[in-house]
Amino acid sequence: MPGIPVSDVDLYTDSARVAPYAIYDELRALGPVVYLARYDMYALPRYDEVRAALTDWQTFSSAHGVFVDREVNAQLEGITLCSDPPEHTAMRTVLGRPLRADRMREIAPRIESEADRVVERVVGQGRCDVVAELAGHLPMAVVSDLVGLPEHGREKMLEWAAAIWNTQGPADERAAAAGPAVEEFMSFAMNDAVPGKIDPNGWAAQLYEAADRGEISPDKCPMMMLDYVTPSLDTTILAIANMVALFAQHPAQWDLLRDDRSLIPHAINESLRLESPVPQFSRFLTEEHEIGGVGLSAGSRVALLYASANRDDRHYPDPTRFDITRRPSDHLAFGRGEHVCVGMHLARLEMSALLERLADRVTRFEILRSKPMINNGLRGFDYLDVAFEPAAAQ
Ligand code: HEM
């Protein structure tokens, strides 16, 4: 049996968090599975293996955590993201009710009118920080209005969520610095975002009602409330900002989209494929398993490198080209299988509402300045200042 290629690359330096793609190229070239010596963890850098792992939860379990650090994995066992069927199925069914594709029709008018307002405002200004002033608006409005969380804490929400994501890598300085904000967020979930203090008609309240009906255990509710917040804010914000940056860099693609709005869903997929806001999660092997002719032992941790798989030229020809006619609906930026992003219809709705309005109002984007985000679980921009060339009034 051939040996497993070993790599000592560090995916958690500042530069690797900002520009991981050369490392991913190196890992994909090494083989279908690579041992990352620094983190005592295997990595799957190619498309086929990541996809196969995502659709085999019995072997690639989430129930022992999906992150890097052993302690964090142990602490978070049992949350939606870190569980297997049947426990996972029960939680996901309740959590996913307001997020189902058919429920999006009910909230679409609200999202679209918010998108109208925010695009009108920033285009009127002539320029804006896309992260704070454009992309942040819809996800924050959703958390405030639809999830129904108390006023107190809203202004802290982004800081808290980013802190949680920072604990998803190794136990490094970023993770340590996130500690106090994570504690505040947990205290908010346990003490403030509870019945009596939350909007009785919101999504959070529906979790407690499901617990009253015996569909889930009541002690799951605070962490499930966080499922509407932690994975929904930065992910969508970064995805929107990445998309605007790509169109700024590829004006001919923006012209294509403005001429043919049916390309919007494909543009969303293509930008998520090329610049995936969640570069990886991991799984735990429940039994010995062979990948590419090499055996991995039970109990191994295996990182699924979504952002690398999405640039695998074995699957996507000329993978670094941004091409909105490519139609890569099988990208892995939302994962796949049991844990495929439960909020993806909402994320798509928000992204497409903004693209529609921007396509009406903007002919060109120009990037004035930007700063990459450095976070252990996410990738994108801290800020992205963009100037808009407005379309002639119709
Ligand atoms: C563009 C934006 C988004 C991206 C890129 C994204 C990415 C992902 C990915 C990769 C997973 C799979 C996890 C795994 O494989 O273990 C996931 C799961 C999840 N996402 Fe998203 N997400 C986005 C938006 C949202 C939104 C808007 C929400 C909530 C309203 C949300 C809530 C969740 C939850 C709760 C899970 C766990 C699902 C489960 O374990 O069954 N996400 N997301």
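As shown above, the structure is provided for reference.
Conventions and cut-offs
- Residues numbered from 1 in each chain as written.
- Predicted model: local features only at pLDDT ≥ 70, side-chain atom pairs only at ≥ 80, totals over all residues.
- Heavy atoms only, no water.
- Near = heavy atom within 4 Å.
- Polar contact = N/O pair within 3.5 Å; in protein donor to acceptor, adjacent residues only side chain to side chain.
- Helix = DSSP H or I, 4+ residues; strand = E, 2+ residues; numbered from the N terminus.
- Pairing = 2+ DSSP bridges.
- Donors = N, O, S within 2.8 Å, 3.2 Å for Na, K, Ca; no water.
- Expected span 1.5 Å × (residues − 1).
- Buried < 20%, exposed > 50% of the residue type's maximum accessible area, 1.4 Å probe, protein only.
- Axes fitted to C-alpha atoms, helices over the stretch in contact; angles between N-to-C directions.
- Parallel < 35°, antiparallel > 145°, perpendicular 65-115°, else oblique.
- Left-handed = near helix turned anticlockwise from the far one by under 90°.
- Contact = heavy atoms within 4.5 Å.
- Nonpolar A, V, L, I, M, F, W, Y, C, P; charged D, E, K, R; others polar.
- Phe/Tyr/Trp six-rings, centres within 6.5 Å; stacked < 30°, edge-to-face > 60°.
- Salt bridge = Lys/Arg side-chain N within 4 Å of Asp/Glu carboxyl O.
- Lys, Arg positive; Asp, Glu negative; His and termini not counted.

Chemist: Explain the site of the ligand here, please?
Modeler: As a structural note, the neighbourhood of the ligand is formed by 29 residues, with His88, Arg92, Tyr306, His339 and Cys341 the closest of them. The side chain of histidine 88 places a nitrogen or oxygen atom 2.6 Å from an oxygen atom of the ligand. At 2.6 Å, a side-chain N or O of tyrosine 306 approaches an oxygen atom of the ligand. Among the secondary structure elements, those contributing two or more residues to the shell around the ligand are α5 (87-96), α13 (233-249), β6 (281-285) and α17 (344-361).

Chemist: Explain the sheet that holds strand β9 (residues 301-304) here, please?
Modeler: What holds strands together in a sheet is hydrogen bonding between their backbones, with the strands either parallel or antiparallel. Read across the sheet, six strands follow the order β1-β2-β3-β9-β6-β4 without closing on themselves; strand pairing throughout is mixed. The open sheet has two free edges, formed respectively by β1 (6-7) and β4 (60-61), since each of these has just one partner strand. With three bridges joining them, strand β3 (residues 41-44) and β9 adopt parallel strand pairing. Bridge assignment links leucine 44 to a residue of β9, and that residue is leucine 304.

Chemist: What is the right way to look at the coordination of the iron atom of the ligand in this model?
Modeler: Octahedral six-donor coordination of a metal ideally yields angles of 90 or 180 degrees, compared with 109.5 degrees for tetrahedral four-donor coordination. Exactly one protein atom donates to the iron atom of the ligand; that atom is Cys341 (SG), 2.3 Å from the metal. Structurally, cysteine 341 is set in the loop between α16 (306-309) and α17.

Chemist: Looking at this structure, how should I read α17?
Modeler: For an α-helix, 3.6 residues make a turn, and residues three or four places apart therefore share a direction. Taking 1.5 Å per residue as the helical rise, α17 with its 18 residues ought to reach 26 Å, and the 26 Å between its terminal C-alpha atoms agrees with that figure. Of all the positions in α17, only Met344, Leu346, Ala347, Leu349, Glu350, Met351, Ala353, Leu354, Leu355, Arg357, Leu358 and Ala359 are classed as buried.

Chemist: I keep staring at the packing of helix α9 (residues 157-166) against helix α10 (residues 173-192) and nothing clicks. Help me out?
Modeler: When two helices pack together, you describe them by how their axes are tilted relative to each other and by the distance separating the axes. α10 packs onto α9 with a crossing angle of 125° between their chain directions and a minimal axis gap of 8 Å. As summarised for this structure, α9 and α10 are arranged oblique, according to the angle between their axes. In this structure, the crossing between α9 and α10 has a hand that is left-handed. For the pair α9 and α10, the contacting residues are Met157, Glu159, Trp160, Ala161, Ala163, Ile164 and Asn166 in the first and Arg174, Ala175, Ala178, Ala181, Val182, Glu184, Phe185, Met186 and Phe188 in the second. Along the lines of polarity and charge, the residues of the contact of α9 with α10 split into 12 nonpolar, one polar and three charged.

Chemist: So what exactly am I meant to see when it comes to the sheet that holds strand β5 (residues 127-129) here?
Modeler: On the basis of which strands lie adjacent, the open sheet formed by three strands has the order β5-β11-β10 and antiparallel pairing. What marks the edges here is a single partner per strand, and that holds for β5 and β10 (362-372). With direction set aside, neighbouring strand axes in the sheet form an average angle of 20°. Looking at chain direction, β10 and strand β11 (residues 381-390) are connected through nine bridges and run antiparallel. Counterpart to arginine 364 in the pairing with β11 is glutamate 389. The sheet strands contacting helix α6 (residues 104-125) are β5, β10 and β11, and the helix crosses β5 at an angle near 120°. α17 contacts β10 and β11 of the sheet and is inclined by roughly 120° relative to β10.

Chemist: Looking at this structure, I do not really get the packing of aromatic side chains. What am I missing?
Modeler: The geometry of an aromatic ring pair is captured by two quantities: the separation of the ring centres and the angle between the planes. All chains considered together, the criterion is met by 14 aromatic pairs. Judged by centre distance (5.9 Å) and plane angle (65°), the ring pair of tyrosine 21 and tyrosine 24 falls under edge-to-face. Placement of the pair is tyrosine 21 and tyrosine 24 together in helix α2 (residues 21-30), with a separation of three residues, close to one helical turn. Three or more aromatic residues link up through ring pairs in this structure, and these residues are Phe247, Trp254, Phe322, Phe365 and Phe388.

Chemist: Please explain the pattern of salt bridges as it appears in this structure.
Modeler: Should their charged atoms come close, side chains of opposite charge can pair. Counted under the stated rule, the structure contains 28 salt bridges. The partner of arginine 357 in a salt bridge is aspartate 116, and the shortest N-O contact between them spans 2.5 Å. Taken as a pair, arginine 357 in helix α17 and aspartate 116 in helix α6 lie far apart in primary sequence, 241 residues in all. Judged by its relative accessible area of 17%, arginine 357 falls in the buried class. One salt bridge in this structure joins arginine 213 and glutamate 215, with 2.7 Å as the shortest N-O distance. A network of salt bridges, in which partner residues are shared, links Asp14, Asp172 and Arg174.

Chemist: What exactly am I supposed to notice about the side chain of aspartate 234 here?
Modeler: Tracing the sequence through the fold places aspartate 234 in helix α13. No salt bridge is formed by the buried aspartate 234; its nearest oppositely charged neighbour, arginine 17, is found at 13 Å. Setting aside residues up to four positions removed in sequence, aspartate 234 forms contacts with Leu158, Ala161, Ala162, Trp165, Ala239, Met373 and Leu378.

Chemist: How should unusual backbone geometry be read in this particular structure?
Modeler: What you tend to see is this: most non-glycine residues have negative phi, and most peptide bonds are trans. Omega for the peptide link from proline 85 to proline 86 comes to 5°, which places this bond in the cis form. Within the element layout of this structure, proline 86 appears in the loop between α4 (70-76) and α5. You will see that arginine 327, though not glycine, has its phi angle at about 60°, which is positive. Looking at the element boundaries, arginine 327 is found in the loop between α16 and α17.

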